[in-house]
Amino acid sequence: MAVATRIDPASLPAPSTSGANTSVSDAFGSTPGRMRLWSLAAAIACVVFALAGSAAIDARSGAIDDAASAAFRLERLEEVRVAAVEADSIATTSFLVGGLEDPVRRARFEDRLAVATETLTAVAAAGSDTDRSGEEADALSTANAALNRFAGLIEQARSNNRQALPVGAAYQREASTLMRDVVVAELDIADAIVRDDVNSAVRSSRSAAYALHISALAAIAVLIGASVWMARRTSRFVNLGLAGSLLAILVIWAFSGPAMASAQSAVDDTASGPLSVLDQLGQGRAAAFDARSLEALTLISRGSGGAYQTQWVGEADLASRQLDGACKADPASCSPLSDFERYRGVHDEVRVLDDAGKWDDAVALALGTEPGGGAASFESFAASSDAASTAAADAVDTGFDDAAGSVTSRQWLVLVGGLVAAGAAIGGIAQRIREYR
Amino acid sequence: MTEPLHTSTRRRFHRVPIVATLLAFAVLAAGCGDDPLQARSTAEVAPETTAAPVTPPTCPDPTADATRSYDAIDPDAPTTDDKVLEIRRRGRLIVGVAADVLLFSARNPLKANAPIEGFDIEMLKAVARKIFQTDQVDNKIEYRVITYAQRLPSLIDNSVDIVAHTMTINCVRWQQIAFSTTYFDSGQRVLVGRSSTAESVDDLNKQKARICAPEGSTNIDNINVPEYSDLRVVGVSDITDCLVKFQQGDVDAVTGDDTVLAGFAAQDPYAKVVGPAFSSEPYGMGVNKSNVGFVRFVNGVLEQMRSSGEWKRHYDTWLSVLGRAPAPPVAVYGR
């Protein structure tokens, strides 16, 4: 066992640069000096674990909040799109009926338009703070202005139709074009940005755990190294301070690591489960309502709406694909698919009638509210897809809430526990150092 | 005191290599894993088949009378014309019409099933009555609503049998389709706001006005000429879209046939039709160029309408707002 030599610093000459190096060498080259080094290393490892680990939990918690917030914006954007396209679909279909509107459909149109504008305002208010927030705000602002103009054009179409003036048809056409070319196009831009926000938040959440695990492993390695070194240099097999510190790190890691994994698992499950289903249902619904508008435009064109029918096929195929995806991901979300396929069947009959020159019969079938009629079958789809979307949105909210709740309390455990472990390690080694005095 | 302590802690952290390693690891790990949301899907729409661009036909003899059509035949006599027999076998006459040209061809939403009504429609019903030899032709006409620009293509590709769509007979169009004799004489004028000082298309040209006309029409051809080079012409697919643009303040004026503009003025009390007609627009029914026998049949129907007073009766029903009924347009034969 080495014995430290104690020298009164006051008896020494003023230290030169080389003298300082010598004294540092003396301070850390001897056994107590090396003990101090191990003490410093163990303390740093524990403090790093405390800070990096709690920061990692904070980062994951923040990323989950960001993901939940972006997912919420995506839900609302989808709601805006579906409400706006449905409003267009109601207005276009109403035009087929003539100047006298069904009050129920009129009320539904007003409701859909109000939902679209109010939700759009809410989405804009809850905008992201990412690099593309300005671009998103511009898109939403343009969409909002276009939506207001759409409402004005529909009012013009309606008042002209009410007076049986043919210019109403032109206003209707202009409104529908505005909906497709501006409102939906701008919502597409915002949608892409928000979609990136969701993906980016989920990626951040995934990467956050590495800091916790690596800092825990590093602290454990340093503490084991210190314990082994101390056992070799002292007569004691176990240094209680170091052992306590090691135990504390292991216990904290055992509590926080699985919680982090569980939180990430909840995020991944929510993102790939209900959020994906909600996304597919939303895209399917928007495409389906667009198809319904196109069906009316095809009939308004009365025999020369080939281009609208071609677009109908594209939108209906998209709706079927998305609804099929939602059904496969969640069997509880299969009603919208079967209801939409029934509507497709009715549409095919409408086309057969129109193509055979039986336009009046085709319109009557498309607007039919009795079972098997176009309006009735589409309303069934609208209702079942709305219910499925609401259920998926609730599941998304619950999933992100659960994920965030499971890690928040662990942050303080890691911070305080890590600092306590650092104190224990220093205390344990200091006890041995004192034996050399 | 919080700030210096905080800074000192951060500095100590930066000195520790493991922190840098961890940060590097975290950055590398950030890109791992599949993104949960894919890019938004878009509808796959089959591309429209477009015909190869063709050189616009030219008129071989601009001085010849474009309203000269094929000689009329008696529509009540037994016919051997393939086209007429084909329509009879089918049981429906397929017609290309407008649905928004008030007085000539517009939906009437006040009636059940919003039928299309107007002077053009009466001409087509008269033809149908003779083809099917019955007065009840409501279920024997299949209406296809087409835009101005679709009038010639829909005849060329035989998707309709006949077009009555306020269509001007002219020499260039004769190179692509065949026309009946004239069933209405119109002229091109301009519609402006009630407070406008413009009295003619020349005034609008001086004012460098924005003026709307439908694409694919003689109306737009008549203003796309050097003498009106200061006009700012806005083309749309259907002339009713011009009224929307006018009411929205996107254009200062609309040009079209006086008959169509009269319909616009009837829909908008803040608009007026001004100036003399600066072109002659004789309307004829269009038929595929190869169906000469069918054109002669239609000319026979028009001839009977002129002489029986039926033409005047329809004029009085639909066009009395334009003034007292003139004599029916004189048919020119011998093509």
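Above this text sits the structure in question.
S.K.: What exactly am I supposed to notice about the overall build of chain B here?
M.R.: Regarding its fold elements, chain B presents 12 helices and 14 strands. Of all 335 residues assigned to chain B, the portion counted as buried reaches 48%. When contacts within chain B are restricted to residue pairs at least 6 apart in sequence, long-range pairs at least 24 apart make up 72% of them. Surface accessibility of chain B: about 16100 Å² in total, with carbon and sulfur atoms responsible for 53%.

S.K.: Looking at this structure, how should I read the packing of helix α2 (residues 31-97) of chain A against helix α3 (residues 103-125) of chain A?
M.R.: Axis angle and axis distance: for two packed helices, these are the angle between their axes and the distance between the axes, and together they describe the pair. Residue and element names in this part refer to chain A. Running from amino to carboxyl end, α2 crosses α3 at an angle of 150 degrees, the nearest separation of the two axes being 8 Å. On the basis of the axis angle, α2 is roughly antiparallel to α3. Here the hand of the crossing between α2 and α3 comes out left-handed. Grouping the amino acids of the contact of α2 with α3 by side-chain chemistry returns 13 nonpolar, four polar and seven charged.

S.K.: What's the story with the state of the cysteines in this structure? I'm lost.
M.R.: A covalent bond bridging the sulfur atoms of two cysteines is what the word disulfide describes. Residues and elements named next belong to chain B. Tallied over the entire structure, the rule returns three disulfides over all chains. A sulfur-sulfur distance of 2.1 Å marks the disulfide that ties Cys212 to Cys242. With the S-S bond torsion at -80 degrees, the cross-link from Cys212 to Cys242 turns out left-handed. On the criterion of sequence distance, the pair formed by Cys212 in strand β9 (residues 210-214) and Cys242 in helix α9 (residues 239-247) is long-range, its members being 30 residues apart. Comparing Cys212 with Cys242, the two get one shared label, buried. Taking only the cysteines that form disulfides and numbering them from first to last, chain B has the pattern 1-2, 3-4.

S.K.: What exactly am I supposed to notice about unusual backbone geometry here?
M.R.: Most of the time, phi is negative for any residue but glycine, and the peptide bond is trans. All names here are of chain B. Phi at Asn158 takes a positive value of approximately 60 degrees, unusual for a residue other than glycine. For Asn158, the location among the structural elements is in the loop between α5 (151-156) and β6 (162-163). Notably, Thr166 is not glycine yet its phi reads approximately 40 degrees, a positive angle. With respect to the helices and strands, the residue Thr166 is situated in the loop between β6 and α6 (171-174).

S.K.: Explanation requested: the interface of chain B and chain A in the structure shown.
M.R.: On the side of chain A, 61 residues touch chain B, which itself brings 52 residues to the contact. Taken over both partners, the interface formed by chain B and chain A buries close to 4600 Å², and the fraction arising from carbon and sulfur atoms is 58%. Among the residues of chain B in contact with chain A, Leu37, Arg40 and Arg107 of chain B are the three that bury the most area, contributing 18% of the side total. In this assembly, chain B and chain A are joined by six salt bridges. Put simply, chain B and chain A have 12 residue pairs in polar contact (both at pLDDT 80 or more) between them. At six residues, the largest contribution of residues to the side of chain B that touches chain A is made by helix α2 (residues 17-29) of chain B. Looking at side-chain class alone, the side of chain B that touches chain A contains 28 nonpolar, 12 polar and 12 charged residues.

S.K.: Looking at this structure, how should I read helix α11 (residues 410-434) of chain A?
M.R.: Spacing of three or four residues puts side chains on the same side of an α-helix, whose turn is 3.6 residues. Residue and element names in this part refer to chain A. An ideal rise of 1.5 Å per residue puts 36 Å on 25 residues; α11 measures up with 36 Å between its terminal C-alpha atoms. Along α11, the residues that are buried comprise Val414, Gly417, Gly418, Ala421, Ala422, Ala425, Gly428, Ile429, Arg432 and Ile433. Those residues of α11 that are buried are in contact with α2, α5 (167-233) and α6 (240-300).

Criteria and thresholds
Residues numbered from 1 in each chain as written. Chains lettered and ligands numbered in written order. Predicted model: local features only at pLDDT ≥ 70, side-chain atom pairs only at ≥ 80, totals over all residues. Heavy atoms only, no water. Helix = DSSP H or I, 4+ residues; strand = E, 2+ residues; numbered from the N terminus. Buried < 20%, exposed > 50% of the residue type's maximum accessible area, 1.4 Å probe, protein only. Contact = heavy atoms within 4.5 Å. Areas by Shrake-Rupley, 256 points an atom, 1.4 Å probe, with all protein chains shown as cover. Axes fitted to C-alpha atoms, helices over the stretch in contact; angles between N-to-C directions. Parallel < 35°, antiparallel > 145°, perpendicular 65-115°, else oblique. Left-handed = near helix turned anticlockwise from the far one by under 90°. Nonpolar A, V, L, I, M, F, W, Y, C, P; charged D, E, K, R; others polar. Disulfide = S-S within 2.5 Å. Buried area = accessible area lost by both parts, 1.4 Å probe. Salt bridge = Lys/Arg side-chain N within 4 Å of Asp/Glu carboxyl O. Polar contact = N/O pair within 3.5 Å; in protein donor to acceptor, adjacent residues only side chain to side chain. Expected span 1.5 Å × (residues − 1).

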